[in-house]
Amino acid sequence: MDEEAAPERDKNGPKFHCLPHSTQGSARMGTRKKVHTFVRVKPTDDFAHEMIKYGDDNKSIDIHLKKDTRRGVVNNQQTDWSFKLDGVLHNASQDLVYETVAKDVVAQALDGYNGTIMCYGQTGAGKTYTMTGTTENYKHRGILPRALQQVFRMIEERPTHAITVRVSYLEIYNESLFDLLSTLPYVGPSVTPMTIVENPQGVFIKGLSVHLTSQEEDAFSLLFEGETNRIIASHTMNKNSSRSHCIFTIYVEAHSRTLSDEKYITSKINLVDLAGSERLGKSGSEGRVLKEATYINKSLSFLEQAIVALGDQKREHIPFRQCKLTHALKDSLGGNCNMVLLTNIYGEAAQLEETLSSLRFASRMKLVTTEPAINEKYDAERMVKNLEKELALLKQELAIHDSLANRTLVNYDPMDEIQIAEINSQVRRYLEGTLDEIDIINLRQIQEVFNQFRVVLSQQEQEVESALRRKYTLIDKNDFAAISAVQKAGLVDVDGHLVGEPDGQGFGLGVTPFSAKPGKKSKSKKTFKEQLSSSARKEGASSPVSGKELDVSTSKTQLTPSSKEGDVKDMTIRERETSSIEPLPSDSPKEELRPPRPSTPPPKPVAFEDFKNERGSEINRIFKENKSILNERRKRASETTQRINAIKREMDVTKEALNFQKSLREKQGEYENKGLMIIDEEEFLLILKLKDLKKQYRTEYQDLRDLRAEIQYCQHLVDQCRHRLLTEFDIWYNESFFIPEDLQVALKPGGSIRPGMVPVSRIMSLGEDAQDKFSQLQQVLLPEGPDSVAFYNAKVKTEQKHNYLKTMMGLQQAHRK
Ligand code: ADP
Ligand code: MG
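Residues numbered from 1 in each chain as written. Chains lettered and ligands numbered in written order. Predicted model: local features only at pLDDT ≥ 70, side-chain atom pairs only at ≥ 80, totals over all residues. Heavy atoms only, no water.

Note on pairing: side chains with opposite charge can pair once their charged atoms come close. With the rule as written, the count across this model stands at 30 salt bridges. A salt bridge links Arg364 to Glu304; the shortest N-O distance between them is 2.2 Å. Remark: Glu304 occurs in helix 6 (residues 287–311) and Arg364 occurs in helix 9 (residues 352–365); sequence separation between them is 60 residues. Here Arg364 falls in the partly exposed class, since its relative accessible area comes to 28%. Accessibility expressed as a relative area gives 15% for Glu304, which makes it buried. The residue Glu465 makes a salt bridge to Arg469 at a minimum N-O spacing of 2.9 Å. Here Arg469 and Glu465 lie together in helix 12 (residues 443–471), a separation of 4 residues that amounts to about one turn. The exposure class of Glu465 is partly exposed, given its relative accessible area of 38%. Judged by relative accessible area, Arg469 falls into the partly exposed class, the value being 47%. A single network of salt bridges, built from pairs that share partners, joins Glu632, Arg633, Arg636 and Glu710. (Salt bridge = Lys/Arg side-chain N within 4 Å of Asp/Glu carboxyl O. Helix = DSSP H or I, 4+ residues; strand = E, 2+ residues; numbered from the N terminus. Buried < 20%, exposed > 50% of the residue type's maximum accessible area, 1.4 Å probe, protein only.)

Here is the structure:
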């Protein structure tokens, strides 16, 4: 019944991922093991035979308490307890105690298992006697020196391994950490104050000196040094030694002497002499003593809490960090180690209450399980050496294969810069078409070819982008703040062109920046006003549109590169009708004075016109401008194409004429002078002409290619703008006509969601017949052409837009019928 497989729990601190250990076969991966609990009874002449009875199996202990008559004749006071443990040691020698309690734990440590042995009990019950023993009498030495002896004896028995032993001795007193070996010379990181650190390997104490010992005697010296320091410190620092916890740790590291074996094991044995477990109140302590007593009770009760939690299968969180003791013992209590608890009790009647409480602690501890596992690690240096050997062997193997396959010597080493540059050039030639194939040599070369494809591609992308940047001002079209900031700074004119930029010559010369004209009245606004049948709309510091400004507006449209496409004309006409320059009304104080809302919102097409002239004027302007640039480039591309075709035709004609001349010359008999072919002037001129045409052809073709790239880019910008315009319109439409104003106010401050983006499910009840709706929608979408339907389909995000789409599709179907 000692070892029971309990359900896996994943809460017990760090897990060690070890490979199955084939040789030792002792790895119990995933097997949970209960904490072994023993009781040692301190010998006494005054043993309470009537109260304490041992079971025949030497594993159980029964306690019988006489009824306390002071509590009255009838009371429910419990008088009998029975505790079953892994062993009861009474009148046991130090030797027997070691054999029973510690021997296996120490033995397993040399196979890579961590181990912890802890002594618990009231002051004077024999914890220190059990753990350290008497230092004067060898026979009465305790677990610590015996463990060290066993470790060194086992090392002698394992000549196949190089095993190192280190020790440390830690004292925890009043939640402070003390290094009991700090008086010894030690080279290592000294961190004061010491701290408890957790890493994947477990818990360790940063700043605690860890001393290498090569033989038994050295180890004993360290132990005695520590014991002496423990006593001295208790005097000089006025500590009560019964209130401190001491943890002596033996660290083992075993490397195989076979160099090819990369694995090595590590383990540590914690030997813990806990503070006296007697409860506070009994001693009636005060002041300093009270503080100590409280601390002791605290850390031991935290230990108890942790143990209760560990014993409860349902508990997820184990409170290890509540005090230094449980934190330092975290990987021992809940981890991967072999764990033993030895409870020291008095056998005297007067101590029965403490004895009972100690035994209760032991029975709680019995419920705790740990998951012992080998701490196996890999020696990086040995691994590298072994891999190097393996690599050399495989290279030889490859060379043999190559020669058998009649392949010339192939180099499999990593490529140097020159080789990579050669591959880069191959890739470039391949892309240009001057190289038909790239020969496959080996895997490394194939990977590098792909790599260089990526390099070339990204370089080309950058080149295209920087070429475009030279021509256009690239501002995020959604970033209105940036646009207006740039405008204010005078870096761009209203059309978004850099000031002085030659390309922008046809646009908006001399137009005042848009944002500098607040409260300007517009025709469309009037229309809107009429529709709202409201006269209360305040114009702010309104001034009639000046003739000059209108002139500018007109001249601007005249300067726009003409386009054959109807929608652009459409737009320019519309633009002439309405003064497009209008500030964003938001954020201005006059917004509060907006007219009351109409009971029915205006039809969307009308509202859209209005939006384009008001809130959306800026986006609309950018949109139109991009479109006109796009159209201009398209026009140029088509002109260039025409020119190219014309050149091509002329080239064909010239070639024909040249061929005719040639055949004529051949017929008439060639005239040679000193090996030089003599041709007449006509033929010579034709040759020159053809050469010239070819040159023209190439230049034009290059232009066309550039233009196409530009067109693609501009198209993208236009699409973006269109989407933005429609999205902004929908938001604005929602905000203006559907969302209650008080709700908008509530949504506004600090929120990143604009009220208009909130879905309004009934938003699309246009209230007209299907044909009407369709024609109106067409009007809305017309400037963008039928493409915008598909665009919409893809980009609709909000429910509002979803409804819009549904309506639109329904209408299209109706139209088809
Ligand atoms: P604790 O550390 O629990 O306070 P100690 O180990 O200091 O108790 O024991 C108190 C005294 O009892 C010491 O003098 C010790 O030698 C003695 N003692 C404890 N246990 C035994 C034992 N099993 N046999 C002989 N003497 C013991
Ligand atoms: Mg003690």
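A sheet is described by the order of its strands in space; here 3 strands give the open sequence 3-4-5, paired in antiparallel fashion. Either end of the sheet is taken by a strand with one partner, and the two such strands are strand 3 (52–54) and strand 5 (80–84). Pairs of neighbouring strands in the sheet enclose a mean axial angle of 15°, with direction left out of account. Sheet analysis places strand 3 next to strand 4 (residues 60–64), joined by 3 bridges and oriented antiparallel. Looking at the pairing, Ile52 lines up with Ile63 of strand 4. Running over the sheet, helix 9 touches strand 3, strand 4 and strand 5 and is turned about 40° from strand 5. (Pairing = 2+ DSSP bridges. Axes fitted to C-alpha atoms, helices over the stretch in contact; angles between N-to-C directions. Contact = heavy atoms within 4.5 Å.)

Our next topic: the site of ligand 1. What surrounds ligand 1 is the set Arg40, Lys42, Pro43, Gln122, Thr123, Gly124, Ala125, Gly126, Lys127, Thr128 and Tyr129. Between ligand 1 and the protein, one listed contact pairs an oxygen atom with a backbone N or O atom of Gly124 at 2.6 Å. Between an oxygen atom of ligand 1 and a main-chain N or O atom of Tyr129, the distance comes to 2.6 Å. Summarising the interface, the protein chains cover 66% of the accessible area of ligand 1, which totals 550 Å² for the free molecule. For the shell around ligand 1, the elements supplying multiple residues, two or more each, are strand 2 (36–42) and helix 3 (127–131). It is helix 3 that provides the largest number of residues to the shell around ligand 1, a total of 3 residues. In the shell around ligand 1, the residues fall into 3 nonpolar, 5 polar and 3 charged. (Near = heavy atom within 4 Å. Polar contact = N/O pair within 3.5 Å; in protein donor to acceptor, adjacent residues only side chain to side chain. Areas by Shrake-Rupley, 256 points an atom, 1.4 Å probe, with all protein chains shown as cover. Nonpolar A, V, L, I, M, F, W, Y, C, P; charged D, E, K, R; others polar.)

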